[in-house]
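Understanding the architecture of this molecule
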Amino acid sequence: MYSNYNNHQNDYDYYIVEEDMPLLEFLLQNVKGESRSKIKATLKGRGIKVNKKTVTQFDYPLTKGMKISVSKSKRNNEMFKSRYVKIVYEDRHIVVIEKNIGILSMAAGHSSLNVKTVLDDYFKKSRQRCKAHVVHRLDRDTSGLMIYAKDIQTEQILEHNWHDIVYDRRYVAVVSGEMEDDEGTIENWLKDNKAYITYSSPVDNGGKYAITHFHTLDRTTEHSLVEYRLETGRKNQIRVHSADMGHPVCGDIKYGNGDDPLHRLCLHAYVLCFYHPITKERMEFETMIPANFRSLFK
């Protein structure tokens, strides 16, 4: 079943449209042996192409003669079970995952639970001859979207052109206290001290310049729900900038003030948009704002 995995032509089943109808209806009639929810998941997971263009809308109008490609690799996700990692999208070059809190992006020290190992194990099980290559990181206690490359060439492209490739990266956080401003920008220099604590300076301290845009989504007198858009991606950038504003991220043991309503670091990477490193196609991913974040603003 998986022997053709690395041969791109065989990643898809092909169909020709015989009569006009909406896409989902066509798929339900023609893709045999798949449940409705599975077909919808393949659509949502960007596994369907119409005339070589990725389409995700269920009611997309098909006309006679159109060529439909249905990804087989999307169905490999059935082999993938992890309480810490969810595969959101996968092709032969990259895999986009949503990680849970409590797992590192990559190995640190020995035998630590990390996403790279989980993915490598899955690639081995699904007989894919590849490894997960780390191109950016999320802290152990931050949840949300990440990209991993499946080969060195893709990893190099992503690493060397990260700022041109990734055009929108947003996080959502629950912060302590009531935000004064609806939106704004924080910019300063960030540098680590000997104890690996990142601290900020309004003037150049030999560190790296960091820019974060924020937008307040909701607030109570105790907490605020804030969206952060990164212009630069420095270590601990949001956590330090949040604390700089006098509204640290809740549950942040390093830079916080002890306010911990949800017993977790309340930071989630929820939007990730980039140009595919190989096909240059626009890839846009968004996850739900965690329900427990929202529950504080009912």
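By convention here, each chain's residues receive numbers from 1 onward along its written sequence. Whole-chain, interface and lining totals are the exception, using all residues; otherwise, since this is a predicted model, local features are given only for residues with pLDDT of at least 70 and side-chain atom pairs are given and counted only at 80 or more. Side-chain figures throughout are based on the complete set of non-hydrogen atoms in the structure, without hydrogens or water.

Section: the pattern of salt bridges
Any carboxyl oxygen of Asp or Glu within 4 Å of a side-chain nitrogen of Lys or Arg constitutes a salt bridge here. Using the criterion set out here, one finds 12 salt bridges in the structure. Overlapping salt bridges bring together Asp139, Arg239 and Asp252 as one network.

Considerations on the layout of surface pockets
Empty space within the largest pocket amounts to approximately 1300 Å³. Site definitions follow a grid-based scheme: protein atoms alone, a 1 Å grid, a 1.4 Å probe that fits but cannot get out for cavities, and for pockets an open set with protein on both sides within 12 Å along at least five of seven lines, plus lining residues having an atom within 4 Å of a point. For the largest pocket, the lining is made up of 42 residues, of which Arg137, Asp139, Arg234, Lys235 and Asn236 are closest to its centre. Strands are runs of DSSP state E lasting at least two residues, helices are runs of H or I lasting at least four, and both sets are numbered from the N terminus onward. Looking at the lining of the largest pocket, the elements with two or more residues in it are helix H4 (152-160), helix H5 (162-165), strand E11 (166-176), strand E12 (183-192) and helix H6 (237-244). Grid points are joined across faces, edges and corners, and a volume is the space filled by probe spheres set on the points.

A look at the nonpolar core
Within the largest apolar cluster, 43 residues are counted, with the highest numbers of intra-cluster contacts made by Ile97, Leu119, Tyr148, Tyr171, Tyr228 and Phe293. Every element with two or more residues in this core is listed here: strand E7 (85-90), strand E8 (94-99), helix H3 (115-125), strand E10 (143-149), E11, strand E15 (223-230) and strand E16 (267-275). With residues up to four places along the chain from it excluded, the contact list for Tyr228 reads Arg169, Arg170, Tyr171, Ala173, Val175, Thr212, His213, Phe214, Ile238, Ser242 and Met245. Note on terminology: a nonpolar core comprises buried Ala, Val, Leu, Ile, Met, Phe, Trp, Tyr and Cys residues joined through side-chain atoms within 4.5 Å. Exposure categories follow from relative accessible area, calculated using a 1.4 Å probe and restricted to protein chains: below 20% of the type maximum is buried, above 50% is exposed, and the middle band is partly exposed. In this description, contact between two residues means that some pair of their heavy atoms is separated by no more than 4.5 Å.

Quick word on a negative patch on the surface
Only residues whose relative accessible area exceeds 30% and that take part in no salt bridge are eligible for patches, with like-charged residues grouped when within 9 Å of each other and nonpolar side chains (Val, Leu, Ile, Met, Phe, Trp, Tyr) grouped when within 5 Å. Computed with the Shrake-Rupley method and a 1.4 Å probe, the accessible areas treat only the protein chains shown as cover for residues. Just so you know, the count uses Lys and Arg for positive and Asp and Glu for negative, and it drops His and the chain ends. We put the charge of a Lys on NZ, of an Arg on CZ, of an Asp on CG and of a Glu on CD. Taken together, the side chains of Glu18, Glu19, Asp20 and Glu25 define an acidic patch exposed on the protein surface. Residue position: Asp20 is located in the loop between strand E1 (12-16) and strand E2 (21-22).

A closer look at the packing of helix H1 (residues 23-30) against helix H2 (residues 36-44)
Viewed as axis vectors pointing N to C, H1 and H2 meet at an angle of 130 degrees, and their least axial separation amounts to 10 Å. In terms of their interaxial angle, H1 and H2 are classed as oblique. The interaxial crossing formed by H1 with H2 has right-handed handedness. Across the interface between the two elements, Leu23, Leu24, Leu27 and Leu28 from H1 touch Arg36, Ile39, Lys40 and Leu43 from H2. Ten residue types, Ala, Val, Leu, Ile, Met, Phe, Trp, Tyr, Cys and Pro, are classed as nonpolar, four, Asp, Glu, Lys and Arg, as charged, and the remainder, Gly among them, as polar. In terms of residue class, the contact of H1 with H2 is built from 6 nonpolar, no polar and 2 charged. Axis lines are fitted to C-alpha atoms, over the contacting stretch for helices. Their N-to-C directions set the angle, which ranges from 0 to 180 degrees. Our angle categories are set so that under 35 degrees counts as roughly parallel, over 145 as roughly antiparallel, 65 to 115 as roughly perpendicular, and the remainder as oblique. Helix crossings get a hand from a simple test, with the near helix turned counterclockwise from the far one by less than a right angle marking a left-handed crossing and a clockwise turn marking a right-handed one.

Quick notes on the pairing of E10
Summarising burial for E10: 7 of the 7 residues are buried, a large majority. Across 6 bridges, E8 lies against E10 in antiparallel orientation. Within E10, the residue paired with Glu98 across the bridge is Leu145. As paired elements, strand E9 (residues 133-134) and E10 share 2 bridges and run antiparallel to each other. Looking across to E10, one finds that His133 is bridged to Ala149. What makes two strands pair is DSSP finding at least two bridges between them. As paired strands, E10 and E16 are joined by 2 bridges and run parallel to one another. Of the residues in E16, the one forming a bridge with Gly144 is Ala269.

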